[in-house]
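# Analysis of the macromolecular model
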Amino acid sequence: MDYEKFIDIYNKQDKFAVNGGVRLVKMQAGYAETEADIEDDLTSNFMGSLHGGFIFTMADVTAGAAAIGYGETCVTLDANIHFIRPFTSGKLHAIGRVIHKGRTTCICEVEIFSEAEKLISKCTCTMFPTGVKVEEQEAKYRQSHT
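The structure reproduced in this document is the subject of the present report.

Attention shifts here to unusual backbone geometry. Not every positive phi belongs to a glycine, and E117 is a case in point at roughly 65°. Within the fold, E117 resides in the loop between β5 (106-114) and β6 (119-133).

The following block contains the structure:
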């Protein structure tokens, strides 16, 4: 799998992640990193901190990319997230690692850090490999969007 090519395609075609501000920056089999620049006035909740839904989205995107790094698309079956400390604005950095890869499931752990390297959140996701190769999915997407 050409990871650089996938990162480029993902950062253009995954509209949910792109519009939300999550960028895939590094990827290999079983590992991924994402980043997001947070502006407090755009993603804060009524208490003034970053909305937990955004943190979960970033964790889910990162876990998916780590699992997809094996060359097969996947979907999230289950996720458990722990919000460690509030975050208001600045850069977030997420690191996802596959801790188990089986035939039917892939379990990923994701940690999200602030610029000051403070742990903001930790998430565990169970992913389901779909059986569709990444290259096949890319071709389907291109065909449906031409």
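The next subject is empty space enclosed by the protein. This model, assessed by the stated rule, comprises one cavity of 30 Å³ or more. In this structure, the largest cavity occupies an estimated 70 Å³ of space. Around the largest cavity sit A67, Y70, E72, T73, C74, K101, C106, M127 and P129, which together line it. Those elements that place two or more of their residues in the lining of the largest cavity are β3 (72-83) and β6. Here the lining of the largest cavity gets three residues from one element, more than from any other, and that element is β3. Broken down by class, the residue content of the lining of the largest cavity amounts to six nonpolar, one polar and two charged.

With that out of the way, let us pick up the sheet that holds strand β4 (residues 90-101). With antiparallel pairing, the six strands of this open sheet are ordered in space as β1-β2-β4-β5-β6-β3. Single-partner strands in this sheet number two, and they are β1 (23-28) and β3. Taking each pair of neighbouring strands and ignoring which way they run, the sheet shows an average axis angle of 20°. Two elements, β4 and β5, share nine bridges in a ladder whose sense is antiparallel. When the sheet's bridge partners are listed, A94 is paired in β5 with I112. Packing of helix α4 (residues 52-68) onto the sheet brings it into contact with β1, β2 (31-38), β3, β4, β5 and β6, and relative to β3 it is tilted by some 140°.

Linking β4 to β5, which pair antiparallel, is a turn of four residues. Bridge count for β5 against β6 is eight bridges, and the pairing is antiparallel. Bridging from a neighbouring strand, I107 pairs with T126 of β6.

Thresholds, definitions, all that
- Residues numbered from 1 in each chain as written.
- Predicted model: local features only at pLDDT ≥ 70, side-chain atom pairs only at ≥ 80, totals over all residues.
- Heavy atoms only, no water.
- Helix = DSSP H or I, 4+ residues; strand = E, 2+ residues; numbered from the N terminus.
- 1 Å grid on protein atoms, 1.4 Å probe; cavity = no way out; pocket = protein on both sides within 12 Å on 5 of 7 lines; lining within 4 Å.
- Points joined across faces, edges and corners; volume = space filled by probe spheres on them.
- Nonpolar A, V, L, I, M, F, W, Y, C, P; charged D, E, K, R; others polar.
- Pairing = 2+ DSSP bridges.
- Axes fitted to C-alpha atoms, helices over the stretch in contact; angles between N-to-C directions.
- Contact = heavy atoms within 4.5 Å.

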